[in-house]
Amino acid sequence: MEEKRRRPYKVCNSERAKSTGIVVESLKELKERASLKLGAAAASCRVFLDSDGTEIDDEEYFSFIEDQTKFMIVYEGEEWTAGPQCVSYSQGSTGAGSVGASLETNESMEFDRTDAGITAENISSDLLIRIKSDPAFFISFSDESLQDVINFESEQLATALGRSLAEAKHSQEACQQELDRRTQLREATQLLKLFERARQNQGSENELQYTGNKRQRTANE
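Definitions and limits used
Residues numbered from 1 in each chain as written. Predicted model: local features only at pLDDT ≥ 70, side-chain atom pairs only at ≥ 80, totals over all residues. Heavy atoms only, no water. Helix = DSSP H or I, 4+ residues; strand = E, 2+ residues; numbered from the N terminus. Contact = heavy atoms within 4.5 Å. Areas by Shrake-Rupley, 256 points an atom, 1.4 Å probe, with all protein chains shown as cover. Core = buried A, V, L, I, M, F, W, Y, C linked by side-chain atoms within 4.5 Å. Buried < 20%, exposed > 50% of the residue type's maximum accessible area, 1.4 Å probe, protein only. Patch = residues over 30% accessible without salt bridge, like charges linked within 9 Å, V, L, I, M, F, W, Y side chains within 5 Å. Salt bridge = Lys/Arg side-chain N within 4 Å of Asp/Glu carboxyl O. Arc of directions from axis to C-beta. Pairing = 2+ DSSP bridges. Axes fitted to C-alpha atoms, helices over the stretch in contact; angles between N-to-C directions. Lys, Arg positive; Asp, Glu negative; His and termini not counted. Charge placed at Lys NZ, Arg CZ, Asp CG, Glu CD. Phe/Tyr/Trp six-rings, centres within 6.5 Å; stacked < 30°, edge-to-face > 60°.

Going by an unreviewed UniProt entry, the protein chain carries the name CIDE-N domain-containing protein and comes from Desmophyllum pertusum.

Spelled out as structure tokens, the structure:
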């Protein structure tokens, strides 16, 4: 059986007061090692993407998340909260509102209020920021977030990102390909499970038939 690859990640507590790096091979191990380093009980913790608050509670989904992703470890009585890399609303100098985002790299970007109003119904401004700042953004997006990007009007997405229409369409195509890949993987996994179940059932039937034939031979003797 192929051994799982150990991968590096970053974890922080709910207040982001403590952050550390760990190397793990599964979501279960991440909870255990993160809790050990953060000084809390693993049994009561939940794991969220620090960037957008997506809760990670599935080992298969966890396996698709890229290396060096930062997670927030949340314990009983705590909740994920938006950090400095998430969207904050500020008032522009012209009197028109804008949506600003302060990234960890201290870079910032603004969206016109009209664009922000359009995008808010379909895709969050935080997702737009992640698309713009991370070329491999689609790897860590949830299925729902990928679908949001796919469903978004290409022209409006290009405007919100400050990119060309071709680049916006390329981002949507990347999301579609990633979503298709995950769907195919889930279908293949389900098919393998069905094959394995059928093989086990066939084995049981053969064993019963063999036992029946043996008893019949014994009775005839």
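> Give me the overall build of the protein chain: which residues, what numbers.
Check the secondary structure of the protein chain and you find seven helices and eight strands. For the protein chain, contacts bridging at least 24 residues in sequence account for 53% of all contacts bridging at least 6. As displayed, the protein chain has an accessible area near 13,500 Å², and 49% of this comes from carbon and sulfur atoms.

> Run through the nonpolar core, naming residues and quoting values.
One finds Phe 138, Phe 141, Leu 157 and Cys 175 to be the most contacted residues of the largest nonpolar core, which totals 19 residues. For this core, the elements supplying multiple residues, two or more each, are α4 (125-133), α5 (143-151), α6 (154-161) and α7 (165-220). Beyond its immediate sequence surroundings of up to four residues, Leu 157 is in contact with Leu 128, Val 149, Phe 152, Ala 168 and Gln 172.

> Could you give an account of a nonpolar patch on the surface, with specific residues and numbers?
Judged by side-chain polarity, Leu 191, Leu 192, Leu 194 and Phe 195 come together as a nonpolar surface patch covering roughly 420 Å² of accessible area. As for its position among the elements, Leu 191 is in helix α7.

> Residue-level account of α5, with values.
What α5 keeps buried is the set Ser 145, Leu 146, Val 149 and Ile 150. For α5, the angular spread of the buried residues around the axis is 140 degrees, confining them to a single face. Along α5, the residues that are exposed and aim more than 90 degrees away from the buried face are Glu 144 and Asn 151.

> Run through the pattern of salt bridges, naming residues and quoting values.
For the structure on display, the rule yields 11 salt bridges. Taking the shortest distance from any N to any O, the salt bridge between Asp 67 and Arg 7 comes out at 3.0 Å. Residue Asp 67 is located in the loop between α2 (59-62) and β5 (70-74), and its partner Arg 7 is located in strand β1 (residues 7-12); the two are separated by 60 residues in the primary sequence. According to the relative accessible area criterion, Asp 67 is partly exposed, its value standing at 29%. Put simply, Arg 16 and Asp 50 hold a salt bridge, and the shortest N to O gap is 2.8 Å. Taken together, the residues Arg 16 in the loop between β1 and β2 (19-24) and Asp 50 in the loop between β3 (46-49) and β4 (55-56) connect sequence positions 34 residues apart. Its relative accessible area of 22% is what places Arg 16 among the partly exposed residues.

> Requested: an account of α6, with residues and values cited.
Buried within α6 are the following residues: Ser 154, Leu 157, Ala 158, Ala 160 and Leu 161. One face of α6 carries all of its buried residues, which in axial projection span an arc of 165 degrees. Directly after α6, the chain includes Gly 162, whose backbone phi takes a positive value near 70 degrees.

> Mind laying out the sheet that holds β2, listing which residues take part and the relevant values?
Strands pair in a sheet through their backbones, by hydrogen bonds, and they do so in one of two ways: parallel or antiparallel. Reading across the sheet, the five strands line up as β2-β1-β5-β3-β4 and stay open at both edges, with mixed pairing between neighbours. Two strands close off the open sheet at either side, each with one partner strand: β2 and β4. Looking at chain direction, β3 and β4 are connected through two bridges and run antiparallel. Opposite Phe 48, over in β4, you have Glu 55 as the bridge partner. Here helix α1 (residues 27-38) sits on the sheet and contacts β1, β2, β3, β4 and β5; the angle it forms with β2, its principal contact strand, is near 145 degrees.

> For a negative patch on the surface, give the residues involved together with the corresponding values.
On the surface, Asp 57, Asp 58, Glu 59 and Glu 60 cluster together into a patch of negative charge. Along the chain, the position of Asp 57 falls in the loop between β4 and α2. A relative accessible area of 60% means that Asp 57 is categorised as exposed.

> Outline the pairing of β5, listing residues and values.
Burial runs high along β5: four of the five residues are buried. Here three bridges tie β1 to β5, and the two strands are oriented parallel to one another. In the sheet register, Cys 12 faces β5, and the bridge partner there is Met 72. Note that β3 and β5 share four bridges and pair antiparallel. Residue pairing for β5: Val 47 is matched across the bridge by Ile 73.

> Just give me the short version of the packing of aromatic side chains, but keep the residues and values in it.
Applying the stated criterion across every chain, the model contains three aromatic pairs. Aromatic pair Tyr 9 and Phe 62: ring centres 5.2 Å apart, planes at 45 degrees, arrangement tilted. Of this pair, Tyr 9 sits in strand β1 while Phe 62 sits in helix α2, and the two are 53 residues apart along the sequence. Residues Tyr 9 and Phe 62 agree in their burial class; the two are buried. Centre to centre, the rings of Phe 62 and Phe 71 are 6.0 Å apart; their planes meet at 35 degrees, and the pair counts as tilted. Looking at Phe 71, the relative accessible area reads 0%, which means it is buried. Aromatic rings pair up to connect Tyr 9, Phe 62 and Phe 71 into one cluster.

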